[in-house]
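This is what each chain is made of:
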Amino acid sequence: MYLLSLTLILTISGSVLTQDEEGVYGEDASFILNQPVALNARKMSQALKDQTVVATCRYLLFKTMLDWHDAKDACENITLPMTLRVKGSMATVKTEDENKDIVTLMKVGYGVKQVGKKYDRRNWVWLGLEKVINNDVKPVKGQRGEKYFVPAEWRWVDGSEPVWWNWQKKMPDGEQDRKTKLFQDKVSLSKKGQWDDSLQYKTMPYACNYCGKYIVINHHVKWERARKLCEDYGLTLAKINSKEDNNELDMAAKLMMGEQTEHKRFNNSNWIWIGTREVMDENGIGTGVWEHHDGTPLLWDTPPWDFKRQPDNWVRRRGEQQAVAFSRINKKWDDSFLYKERPFACMCPEEACSTNIY
């Protein structure tokens, strides 16, 4: 492990933020990765073991096995669901905290224990680091490993040189593949947090930068259970206070659950629990006042209720409709019964990431 200098600024492209009429920032944007959010990977992994896209507050893990170049293209073809709305990029790791966050990401996606043997691809993930100088030259015998690592020969996908690294023993070694004659010049990271130089055609999961506000869990539970699980993970049930928040949740849902929805409108898979609930009186009857699960007020004066008659406060033997569900079909809200079992959205602390606007 080596540290050249510390920086918490991740530059996507340039340093000036420009905003269009929709409040969407262009590619010339940067954002700041602040202190990491401590997530309970063991508990999260129980709900996310079958989900193909999972996230921490900083990174996305795609379980689809791709080679390095296809992974790079895939990351660049997503639009991040964050205030900046910048285009995606492969994961960059500039600090030890960020390295630990990638490890957490892998544990969230595949469980905390090693899967199979050491080089089982489910124990590794592509990072956005490659060797760009002397990447077609076989290292001198005996001159391999971190001692002979030259940072200036390597570049992250954002064009920066590595300032922190954690190579596993005797790596990088720059071995050449006998069949393809390619050299190991791309970087993967293990669930133990160690780096390895790998052949670009190897397929494995890949990580993209995220820095989003919401983490969507495609695990069906009741509203109270959803609130408890988010807290167990080190997060909170999602709060939506604006059209921008609502759009961001929609983008996060598409990333983590896919865009396909069920045919029947009220299929539970089409709805996501958020942390807004009606204030009930002493008799358990709705007051018409809506607030978030933590008692803070709903700041959105005109939330997007589905149809003019919503919220309609239906009452059944098991209670009144009093919790808000978000529609994956049209981004609208519905007041729902607490006992419905649905996916849910957790929210990252506001300080997890911030924009860098000049």
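All values derive from a computational prediction rather than experimental measurement. (Residues numbered from 1 in each chain as written. Predicted model: local features only at pLDDT ≥ 70, side-chain atom pairs only at ≥ 80, totals over all residues. Heavy atoms only, no water.)

## A short note on the overall build of the protein
To keep things clear, this is the line we draw: Strands are runs of DSSP state E lasting at least two residues, helices are runs of H or I lasting at least four, and both sets are numbered from the N terminus onward. The buried label applies to any residue whose accessible area, calculated with a 1.4 Å probe on protein chains only, is under 20% of its type's maximum; exposed applies above 50%, and partly exposed to all values in between. In what follows, residue pairs with any heavy atoms lying within 4.5 Å of each other are defined as contacts. All accessible areas in this document rest on Shrake-Rupley with a 1.4 Å probe, and a residue is counted as covered only by the protein chains that are shown.
Summing up its helical and strand segments, the protein has 5 helices and 21 strands in all. Here the protein holds 358 residues, and the buried ones make up 51% of them. Restricting to contacts in the protein with at least 6 residues of sequence separation, those with at least 24 account for 73%. Accessible surface, the protein as shown: approximately 17,100 Å² in total, 48% of it carbon and sulfur.

## Considerations on the environment of Tyr-59
Let me state the cut-off plainly: Polar contacts, as counted here, are pairs of nitrogen or oxygen atoms within 3.5 Å of one another; within protein the pair requires one atom able to donate a hydrogen and one able to accept it, and residues that are adjacent in sequence qualify only if both atoms are side-chain atoms.
By secondary structure assignment, the location of Tyr-59 is in strand S5 (residues 59-66). Spatially, the C-alpha atom of Tyr-59 lies 7.1 Å from that of Ile-102, the residues being 43 residues apart in sequence. Not counting residues within four places of it along the chain, the set of residues in contact with Tyr-59 comprises Val-54, Ala-91, Thr-92, Val-93, Glu-98, Asp-101, Ile-102, Leu-105, Cys-208, Asn-209, Tyr-210 and Cys-211. At a separation of 3.5 Å, a polar atom in the side chain of Tyr-59 contacts the side chain of Glu-98.

## Things to note about the packing of helix H1 (residues 41-48) against helix H3 (residues 96-110)
Where we set the bar: Lines fitted to C-alpha atoms define the axes, with helix axes restricted to the stretch in contact, and inter-axis angles between N-to-C directions lie between 0 and 180 degrees. Oblique is the label for every angle not falling under 35 degrees (roughly parallel), over 145 degrees (roughly antiparallel), or within 65 to 115 degrees (roughly perpendicular). Gly falls in the polar group here, along with every residue not listed as nonpolar (Ala, Val, Leu, Ile, Met, Phe, Trp, Tyr, Cys, Pro) or charged (Asp, Glu, Lys, Arg).
Relative orientation of the contacting elements H1 and H3 amounts to 40°, with a least axis distance of 6 Å. The angle between H1 and H3 falls in the class oblique. Contacts between H1 and H3 pair Ala-41, Met-44, Ser-45 and Leu-48 from the former with Thr-104, Lys-107, Val-108 and Gly-109 from the latter. Split by residue class, the contact of H1 with H3 holds 4 nonpolar, 3 polar and 1 charged.

## A short note on H1
Basically, it comes down to this: Relevant arc is that of directions from the helix axis to the C-beta atoms, nothing else.
Every buried residue of H1 is accounted for by Ala-41, Met-44, Ser-45, Ala-47 and Leu-48. The arc that holds every buried residue of H1, seen down its axis, measures 165°, which confines them to one face. Facing away from the buried side of H1 by more than 90 degrees, the exposed set consists of Arg-42 and Gln-46. Residues of H1 that are buried make contact with strand S4 (53-55), S5, H3, strand S12 (214-221) and helix H4 (223-233).

## Some remarks on the pattern of salt bridges
To keep things clear, this is the line we draw: For this analysis, a salt bridge means a side-chain nitrogen from Lys or Arg found within 4 Å of a carboxyl oxygen belonging to Asp or Glu.
The tally for this structure, following the rule as stated, stands at 16 salt bridges. Of the charged contacts, one joins Lys-100 and Glu-96 as a salt bridge, the two residues approaching to 3.9 Å between their closest N and O atoms. Of this pair, Lys-100 and Glu-96 both sit in helix H3, 4 residues apart, which is roughly one turn of that helix. Judged by its relative accessible area of 34%, Glu-96 falls in the partly exposed class. Because the salt bridges share partners, they merge into one network encompassing Glu-130, Asp-185 and Lys-186.

## Digging into the side chain of Arg-328
In plain terms, the rule: Under the convention used here, Asp and Glu are negative, Lys and Arg are positive, and both His and the chain ends fall outside the count.
Along the chain, Arg-328 turns up in the loop between strand S18 (323-327) and strand S19 (333-336). No salt bridge is formed by the buried Arg-328. Its closest oppositely charged neighbour is Glu-262, at 6.3 Å. A polar atom in the side chain of Arg-328 sits 2.9 Å from the backbone oxygen of Gln-260. When residues no more than four places from it in sequence are discounted, the contact partners of Arg-328 are Asp-250, Met-257, Gly-258, Glu-259, Gln-260, Thr-261, Ser-269, Asn-270 and Ile-272.

## Describing the pairing of strand S20 (residues 342-347)
Where we set the bar: Note: two strands are recorded as paired if DSSP finds a minimum of 2 bridges between them.
Most of S20 is tucked away: 6 of the 6 residues are buried. Relative to S20, S12 runs antiparallel, the two sharing 5 bridges. Bridge pairing links Ile-215 to Cys-346 in S20. Two strands pair when backbone bridges link them, and strand S13 (residues 236-237) and S20 are joined in this way by 2 bridges, in the antiparallel orientation. Counterpart to Thr-236 in the pairing with S20 is Met-347.

## What to know about H4
Buried residues of H4: Trp-223, Ala-226, Leu-229, Cys-230 and Tyr-233, and no others. Projected down its long axis, H4 shows its buried positions confined to an angular sector of 120°, all on one face. Where H4 is buried, its residues touch H1, S12, S13, strand S14 (271-280), S18 and S20. Looking one or two places after H4, you find Gly-234, whose phi comes out positive at around 100°.

## Remarks on the state of the cysteines
Two cysteines, two sulfur atoms, one covalent bond between them: this is a disulfide. Keep this limit in mind: Disulfides are defined as pairs of cysteine sulfur atoms found within 2.5 Å of each other.
Under the counting rule described, the total for this entry stands at 3 disulfides. Each sulfur in the disulfide pair Cys-57 and Cys-348 lies 2.1 Å from the other. Between Cys-57 and Cys-348, the disulfide has an S-S torsion of -100° and is therefore left-handed. Placement of the pair is Cys-57 in the loop between S4 and S5 and Cys-348 in the loop between S20 and strand S21 (353-355), with a sequence separation of 291 residues.

## Digging into the packing of aromatic side chains
Rules: Any pair of Phe, Tyr and Trp rings, taking the six-membered ring for Trp, is counted once the centres come within 6.5 Å. Such a pair is stacked with planes under 30 degrees apart, edge-to-face with planes over 60 apart, and tilted for the rest. Geometrically, a charge over a ring is one whose NZ (Lys) or CZ (Arg) sits within 6 Å of the ring centre while staying within 35 degrees of the ring normal.
Under the criterion given, the structure shown has 14 aromatic pairs. Arranged with centres 5.4 Å apart and planes meeting at 0°, the rings of Tyr-119 and Trp-124 form a pair that is stacked. Overall, Tyr-119 belongs to the partly exposed group, its relative accessible area being 40%. Ring geometry for Trp-167 versus Trp-195: centroids 5.7 Å apart, planes at 75°, classification edge-to-face. You can see Trp-167 sitting in the loop between strand S8 (164-165) and strand S9 (186-190) and its partner Trp-195 sitting in strand S10 (residues 195-198), a full 28 residues away along the chain. For the pair formed by Trp-167 and Trp-195, the shared burial category is buried. Taken together, Phe-149, Trp-154, Trp-156, Trp-164, Trp-165, Trp-167 and Trp-195 form an aromatic cluster joined through their ring pairs. Over the face of the ring belonging to Tyr-110 we find Lys-63, whose NZ or CZ atom lies 5.1 Å from the ring centre. Between Arg-342 and the ring centre of Trp-273, over which it is positioned, the NZ or CZ distance is 5.3 Å.

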